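Observations on the model geometry
Residue-level listing of the chains:
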Amino acid sequence: MESLDRFIEDRPRMVFFLLLLIAIPAFFTNLGLLPLFADEPTRANVAMEMILTKNYSVPTIGGEYYYNKPPLYNWILAGLYALTGSYSEFVTRLPAVVPMFLFAVTIFYAVAFFIRDKRVALLSGLAFLVNGRMLLYDSMLGHIDIFYSWLTFISFMSIFYFFRKKQWFLLFFVSYLITAVTFLSKGLPSIVFQGMTIIALLLYTRNFRRFFSWQHILSGIICLLIIGAYFFNYYHHNPDLKEYFHVIWDQSSQRTIARSGFIHSFGHLFTFPFEHLVHLLPVSLLVIFCLNKKFLKNVREDEFIKYISVVFLANIWVYWLSPETRPRYLLMLYPLLFIVLSNGYYMFREQYPRLNTIFNKVLLMLAVLVTLAVPSVFFIKFPQPVSFVMLKVLVLLAACGFFTFLIYSLRQNKIVPFIALLLMVRLAFSWFVLPSRLAKAEHMRTVSIDMAEQSKGSPFFLYQYHPEVLSLPYHHKIIYYLQRTKKQQVRFTEEDTKQGYYLTFDRDLQNPRAVLVKTYEDNLKLYRVQ
């Protein structure tokens with residue numbers, strides 16, 4: 001055990017990548033099993049319609065302009081679809097899961113470079129993978145937020161790197177270049193992150209005159225030119241830029257106090273930090289090592305820790321004042337917190353041995369509970385059969401037992417096998433929980449594919465009246481599975497005179513030539529017009 005302790009202390013980079021290898025099967029197993037849900041089909045539809053229409057300039061869904069997000073992420077997804085020849089759920093989720101691993105690696109190398117304590121880098125990078133929010137939710141969804149947050153985090157790190165070297169032009173140029181890319185992914189939040197970070201840095205370092213320097217102005221102009229070039233090209237396909245800008249603004253402002261009301265927002269001010277500490281469990285338990293008088297002194301004395309603390313505080317208030325904020329919007333800020341907490345853990349655990357002893361006992365208790373919970377799988381009645389249950393339980397029991405033994409036996413680095421144990425929790429989640437959700441989630445995929453098979457070779461229309469379009473049950477999910485199966489674009493229409501198949505849910509077709517082909521649950525009806 002002493003040799004293993006020394007190995008972890010002396011070679012944290014090797015340990016980091018070994019645990020990253022363990023994480024691969026944990027996160028990729030059954031990644032494509034469940035149908036798309038939440039915002040996933042929205043991203044998939046835009047990318048798929050780009051390929052089907054061969055128009056990569058103008059995002060559309062159902063043949064109608066989609067203004068909510070610029071298209072960079074959809075270009076990447078469309079590229080993966082074209083490269084693999086598949087529109088599957090697995091491929092749809094790759095642009096989120098692969099950047100998640102790259103994000104962890106980026107955190108590790110950034111911290112190892114700026115702090116030069118690779119133990120802090122090890123814990124910070126892996127904390128991004130094993131916090132509760134990522135472990136059991138965001139890592140299984142093909143959302144834009146992990147990719148977007150990864151780029152934003154790189155911008156934070158590049159700003160500090162060039163600040164230390166006093167290379168002001170590169171500081172502004174590189175960060176504004178990344179801002180242009182992130183804007184083309186998600187829109188206005190990128191401008192807010194860049195503005196708040198630059199202003200905070202210049203103010204706390206007493207360099208605010210640099211805000212008016214030619215380096216800053218030129219970099220800002222280059223950023224605007226890149227963004228402008230996209231909209232200039234877009235204008236040639238759809239001149240309605242006013243609606244585009246209105247929707248982008250609306251998307252950025254809809255979760256603020258102005259939309260939610262003062263009373264709801266006032267309560268949010270008090271619950272916000274505690275909600276996110278819960279989201280980040282068990283990693284957020286590290287906060288106990290930062291609740292001491294020496295903590296703030298350590299933050300002030302370490303230039304990198306001070307910088308990321310300033311960046312965190314400069315940006316977090318935007319979300320703190322937005323009651324409808326979702327945790328995935330903060331994925332670029334969470335790692336800054338993980339770095340501070342990890343640094344506090346390694347800085348103060350030996351100075352507060354009693355606290356460290358309690359913390360280690362909590363880790364051991366949690367590990368024992370997880371290990372004892374593994375055989376409970378035998379007593380769970382799954383909605384549909386899970387293959388090789390006995391083998392999977394034995395693997396998990398052996399792995400959890402081994403890591404629990406290491407937590408008990410190691411003296412200095414109990415937290416490392418605890419992270420490995422959390423990866424086993426994710427593997428168990430992928431093996432048992434995801435398949436158990438399939439039966440409940442499968443219905444709309446089956447219905448959509450059935451409608452696509454019924455209408456193969458014929459035009460397909462979604463019979464809707466605006467602005468009620470979003471009230472269609474599983475709106476974007478239906479479109480995704482229809483288009484994936486038919487390999488052709490489906491379109492919204494307010495007329496029922498064209499030949500083809502029509503899907504409606506809130507009214508019948510009035511055309512006397514319309515024939516009801518089939519009725520599904522949720523009052524979905526498939527018509528054919530000859």
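**As for the overall build of the protein**
- A count of helical and extended segments in the protein gives 21 helices and 7 strands.
- Computed over the C-alpha atoms, the radius of gyration of the protein is 26 Å, within 12% of the 24 Å expected from 2.2 N^0.38 for a compact globule of 530 residues.
- Looking at the protein residue by residue over its 530 residues, the buried ones come to 54%.
- Accessible area of the protein: about 23700 Å², with a carbon and sulfur share of 65%.
- In the protein, 51 side chains carry a positive charge and 32 a negative one; their mean positions are 9 Å apart.

**Side note on the packing of aromatic side chains**
- Considering all chains together, one arrives at 49 aromatic pairs under this definition.
- Here F169 and F173 contribute two aromatic rings whose centre-to-centre distance is 5.5 Å and whose plane-to-plane angle is 15°, an arrangement assigned as stacked. A residue pair is termed a helical-turn pair when its members lie 3 or 4 positions apart in one helix, as F169 and F173 do in helix α9 (residues 168–186) at 4 residues.
- Positioned above the aromatic ring of F113, the side-chain terminus of R116 is 5.3 Å from the ring centre.
- Looking at K166, its charged tip hangs above the ring of F163, at a distance of 4.0 Å from the centre.

**Quick notes on the environment of I419**
- The residue I419 is located in helix α20 (residues 415–454) in this model.
- Along the primary structure I419 and F403 are separated by 16 residues, whereas in three dimensions their C-alpha atoms are 9.1 Å apart.
- I419 has contacts with L19, L123, L126 and V130, leaving out every residue within four places of it along the chain.

**Re the pairing of strand β5 (residues 500–504)**
- Burial analysis of β5 places 5 of its 5 residues in the buried class, which makes it a mostly covered element.
- Where β5 and strand β7 (residues 525–529) come together, 5 bridges link them in antiparallel fashion. Within β7, the position partnered with T504 by the bridge is K525.

**Digging into helix α4 (residues 72–84)**
- If you check α4, its first and last C-alpha atoms are 19 Å apart, about what 13 residues at 1.5 Å a residue would give, namely 18 Å.
- Every buried residue of α4 is accounted for by L72, Y73, N74, L77, A78 and Y81.
- For α4, the elements touching its buried residues are α3 (40–53), α5 (89–114), α8 (145–164), α9 and α21 (475–486).
- Looking at the residues trailing α4, positive phi occurs at G85, about 70°.

**A closer look at a nonpolar patch on the surface**
- Residues F266, L269, F270, W317, W320 and L321 make up a contiguous nonpolar surface patch of about 560 Å² in total accessible area.
- Sorting the residues of the nonpolar patch by element identifies α14 (262–279) and α16 (303–320) as the ones contributing at least two each.
- Looking at which element gives the most residues to the nonpolar patch, the answer is α14, with 3 residues.
- Structurally, F266 can be placed in helix α14.

**Regarding α20**
- Look at α20: 55 Å from first C-alpha to last across 40 residues, which is about the 58 Å you get at 1.5 Å a residue.
- At A441, α20 shows its maximal bend, which comes to roughly 50°.

**As for unusual backbone geometry**
- Residue P282 follows L281 across a cis peptide bond; omega there is 0°.
- With respect to the helices and strands, the residue P282 is situated in the loop between α14 and α15 (293–301).
- We note that K54 has phi near 60°; this positive angle belongs to a residue other than glycine.
- Of the residues examined, K54 reaches a relative accessible area of 69% and is grouped as exposed.
- Even without being a glycine, K487 presents a positive backbone phi close to 60°.
- Take K487: it is sitting in the loop between α21 and β4 (491–493).

**As for the sheet that holds β7**
- Judged by pairing direction, the sheet is mixed, and its 5 strands sit side by side in the order β4-β3-β5-β7-β6 without closing on themselves. On the outer flanks of this sheet lie β4 and β6 (514–519), each paired with one strand and no other. This sheet shows a mean twist of 35° between the axes of neighbouring strands, independent of strand direction.
- Docked against the sheet, α20 engages β3 (460–463), β5, β6 and β7, running at close to 145° with respect to β6.

About the criteria used
Residues numbered from 1 in each chain as written. Predicted model: local features only at pLDDT ≥ 70, side-chain atom pairs only at ≥ 80, totals over all residues. Heavy atoms only, no water. Helix = DSSP H or I, 4+ residues; strand = E, 2+ residues; numbered from the N terminus. Rg over C-alpha atoms; globule rule 2.2 N^0.38 Å. Buried < 20%, exposed > 50% of the residue type's maximum accessible area, 1.4 Å probe, protein only. Areas by Shrake-Rupley, 256 points an atom, 1.4 Å probe, with all protein chains shown as cover. Lys, Arg positive; Asp, Glu negative; His and termini not counted. Charge placed at Lys NZ, Arg CZ, Asp CG, Glu CD. Phe/Tyr/Trp six-rings, centres within 6.5 Å; stacked < 30°, edge-to-face > 60°. Lys NZ or Arg CZ within 6 Å of the ring centre and 35° of its normal. Contact = heavy atoms within 4.5 Å. Pairing = 2+ DSSP bridges. Expected span 1.5 Å × (residues − 1). Patch = residues over 30% accessible without salt bridge, like charges linked within 9 Å, V, L, I, M, F, W, Y side chains within 5 Å. Salt bridge = Lys/Arg side-chain N within 4 Å of Asp/Glu carboxyl O. Bend = angle between axes of the 7 residues up to and from the residue. Axes fitted to C-alpha atoms, helices over the stretch in contact; angles between N-to-C directions.

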